[in-house]
Amino acid sequence: METRIVNFVLAGAQKCGTTSLSEQLSAHPDVGFCVEKEPHFFSKHPAPLDSAALAEYHGRFEPQNAVLWGEASTSYMFFDEYPHVAPTLSQYNPDMRIIIMLRDPVKRIISHLHHRIRKGYIRGDNIHTELATCTDYIDRSSYGRQIAAYQAVFAPEQIRIYNFEQYIRDPAPVVEDALRFIGADMQKWDPESLSREAKNISDAKVRLGHIPGATAVLSYLEKQPWSWRLSRLIPLNTPVPEGIEKALWLRLKEDVDLLESSTGFDASAWKNKYHHFG
């Protein structure tokens, strides 16, 4: 009989450092992770869960003798697309721990755009139309609404929310707190072994910045209106048209207020950054 269960998930948000945090947590000897980067199991399988599918899912975790199992699938925050995920996770494991990392919601959308341009999914000279016709940019940065789905089925002490910008500056406190949150044996954790190398970075200036003169050349290229055409070869950050950040913030501001009031998350840095937009 299947007895092992997943103890925690990194639910997102998308483009918010879940890959890096997953790898840092998996360095703890008691923690096992799904070998598939983002299995999206609970997005694909609404309750009731099939026993054969569960057995196959559990077989993807290593090491199999881990004390705690976890996985990271950012689709678990896509409430508008997969509204069943939070209730299914609760039914699967009522004691599940939910880890969520949030970044400046406007910057998340811009990172999302850059990702799609680099993959060749969209053109970089048509950002206004892309934002006007594709709702998932705003949906996936509407953190307050997304987290509300988890708050409806999990107790507050089962949900932990971290600030991506603080994590990037100093990952150690976040990793330590997350390990305590999931119940890892802290006597087995060596803070000195913590990797501070960011994973899944799609930014040419980060990847190539060690090469003399590369940053200056890349900065010049990124300012050119045709730079998006190079993005599939070089991970450049395509220029965002003037006024985009203001338009996005004004659409997201109400949800940021909801996030703060419903979770206690401190979004003051975001608000201060965009306060001149109104």
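Located above this text is the structure these notes cover.
Residues numbered from 1 in each chain as written. Predicted model: local features only at pLDDT ≥ 70, side-chain atom pairs only at ≥ 80, totals over all residues. Heavy atoms only, no water.

## Concerning the side chain of Arg140
- Along the chain, the position of Arg140 falls in helix H7 (residues 136–141).
- Contacts of Arg140, omitting those with residues within four sequence positions, involve Gln14, Phe78, Glu81, Arg108, His112, Arg116 and Gln146. (Helix = DSSP H or I, 4+ residues; strand = E, 2+ residues; numbered from the N terminus. Contact = heavy atoms within 4.5 Å.)

## A word on the nonpolar core
- Of all hydrophobic cores here, the largest spans 75 residues; its most connected members are Leu25, Ile98, Ile99, Leu102 and Tyr150.
- The element best represented in this core is helix H10 (residues 171–182), accounting for seven residues. (Core = buried A, V, L, I, M, F, W, Y, C linked by side-chain atoms within 4.5 Å. Buried < 20%, exposed > 50% of the residue type's maximum accessible area, 1.4 Å probe, protein only.)

## Quick notes on unusual backbone geometry
- Cis rather than trans, the peptide bond between Gly12 and Ala13 has omega equal to 5 degrees.
- Among the secondary structure elements, Ala13 is positioned in the loop between strand S1 (8–12) and helix H1 (18–26).
- Along the chain, Ala47 connects to Pro48 via a cis peptide bond; the corresponding omega equals 0 degrees.
- Topologically, Pro48 is positioned in the loop between helix H2 (41–44) and helix H3 (51–58).
- Its identity as a non-glycine residue notwithstanding, Lys15 has a phi of 65 degrees, on the positive side.
- With respect to the element layout, Lys15 can be found in the loop between S1 and H1.
- Residue Lys15 is classed as partly exposed on the basis of its relative accessible area, which comes to 22%.
- Its identity is not glycine, yet His40 carries a phi of approximately 55 degrees, on the positive side.
- By the element assignment, His40 lies in the loop between strand S2 (31–34) and H2.
- Overall, His40 belongs to the partly exposed group, its relative accessible area being 22%.

These results come straight from atomic positions and should not be treated as a statement about function.
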